[in-house]
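# Secondary and tertiary structure notes
Listed below, chain by chain, are the residues.
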Amino acid sequence: MAYSVREERQSLAVSLREDLGEAEKMIVQLRRDNVEQFLQLLDRIEERFLELESYGLDLRPEYTRWASLHSKLRREAGRIVRVIDVAGGLDNLRQANPPAEGFWWHLDAVVAESRRRLLRRLGITLGTVVALLVVVWVLLTFVFPPDPNTVVASEAISTLQQLAFEGRWEEALVVIEEAMSQLTRPDAELLIWEGVIRSKLGQDERAREALAEAKSLVPPGKLVAYWWSLGSVQLSVGDVEDARNAGFEAIGLDDADPQGYFLLASVAEVTGNTVCAVDLFEKTFQLAADGNPQLAVIARVRMGNLLQRPANMPLLGNDETADANEEGGGNDEQSEESDNGLPESCAGI
């Protein structure tokens, strides 16, 4: 009888170790056709531990592996839930596998809580930024009134952004000409808008003249700002290829300036290269954290929005990007960089 108990105990221990090994392999290659089997395997592992508790075995190595699996499940919950969504969703799997009490059957709640924590952190950060902006506004309005030229250009650019969104190029040009008639000195950003709008209207020669004048107003050491501003305007009017080229001009001038990477991240987002966009927003955040905190916050918010995109609403431009999102599970580890300073995920940007 003692031999029978000992044999059963050893058999259960061997089975536990085999199941742990199988789970450790499966978690890195989950697919719609094996994810339910994986969740059932986790149930079986938990049952094995409960069965072996009464035998007094030293299971510390196995418990360490089990804890590591738990950590990986929580860390990669977003990726796993995306795979489960393709397989029919956790609600359906829970109904098909009652009582489904293990936390792995409720990873959707883990993801939701993680998103809530992220939003709370972003809310606190944005609240601080807004408070600072209010203080700056009060100072500029009542203590240090702004330059009238800046007011005219800012109001015109705000109007131009809406007109560009609606494709009303002729009206946009009228706004530019009216604003310029009120200026006492030329404004580089307004000239950039003039160059881009005239290009949309087919006035290529005058467009080049406006852009050349805008560039001449920028100090030589600040040309990154010119390319970033030009690319941002081009992107806002739908000239994606021109915006991409402007981004490369910017990082070519200074690969440590975050603005060029932010522009290229926006291009990647618009064209559907989600993985590349996330990596570039992260790079922008790292480069801007000390010298340009406002840009750093905006980059982190944009990256957070992409990471929170519902699994059934991916912004993807091709199958390669879709595969990268499914296999890579988002952006848990920072991508390696290619020779041109861009992450490997942006090789085809």
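Refer to the structure above for everything that follows.
## Here's the deal with the packing of helix α13 (residues 258-271) against helix α15 (residues 293-307)
When two helices pack together, their arrangement is captured by the angle between the axes and the distance separating the axes. It is at 11 Å that the axes of α13 and α15 come closest, and there the two elements cross at 20°. Compared by their axis directions, α13 and α15 come out roughly parallel. For α13 against α15, the interelement crossing comes out left-handed. Contacts between α13 and α15 involve Pro258, Gln259, Phe262, Ser266 and Glu269 on the former and, on the latter, Leu295, Ile298, Ala299, Arg302 and Leu306. Here the residues of the contact of α13 with α15 sort into six nonpolar, two polar and two charged.

## With respect to the state of the cysteines
What makes a disulfide is a covalent bond joining the sulfur atoms belonging to two cysteines. The tally for this structure, following the rule as stated, stands at one disulfide. Note that Cys276 is cross-linked by a disulfide to Cys346, the S-S spacing being 2.0 Å. Because the sign of the S-S torsion sets the handedness, a value of about 110° for the bond joining Cys276 and Cys346 places this disulfide among the right-handed ones. Of this pair, Cys276 sits in helix α14 (residues 274-288) while Cys346 sits in the segment after α16 (319-328), placing them 70 residues apart in sequence. For the pair formed by Cys276 and Cys346, the shared burial category is buried.

Scoring rules and cut-offs
- Along each chain, residue indices are assigned from 1 in the same order as the chain's sequence is written.
- Thresholds applied to this predicted model are a pLDDT of at least 70 for local features of residues and 80 or more for the giving and counting of side-chain atom pairs; totals over whole chains, interfaces and linings are not thresholded and use all residues.
- Hydrogens and water are ignored here; the side-chain numbers use all heavy atoms of the structure.
- What counts as an axis is a line fitted to C-alpha atoms, over the stretch in contact for a helix, and the angles between N-to-C directions run from 0 to 180 degrees.
- Strands are runs of DSSP state E lasting at least 2 residues, helices are runs of H or I lasting at least 4, and numbering of each runs from the N terminus.
- Small angles under 35 degrees read as roughly parallel and large ones over 145 as roughly antiparallel, with 65 to 115 read as roughly perpendicular and the rest as oblique.
- By convention, the crossing between two helices is left-handed when the near helix turns anticlockwise from the far helix through less than a right angle, and right-handed when the turn is clockwise.
- Contacts are assigned to residue pairs with any non-hydrogen atoms lying within 4.5 Å of each other.
- Under the scheme applied here, ten amino acids are nonpolar (Ala, Val, Leu, Ile, Met, Phe, Trp, Tyr, Cys and Pro), four are charged (Asp, Glu, Lys and Arg), and all others, including Gly, are polar.
- Our working definition of a disulfide is a cysteine sulfur pair at a distance within 2.5 Å.
- Using a 1.4 Å probe on the protein chains alone, a residue whose accessible area is under 20% of its type maximum counts as buried, one over 50% counts as exposed, and one in between counts as partly exposed.

By themselves, these observations are geometric and do not establish any function.
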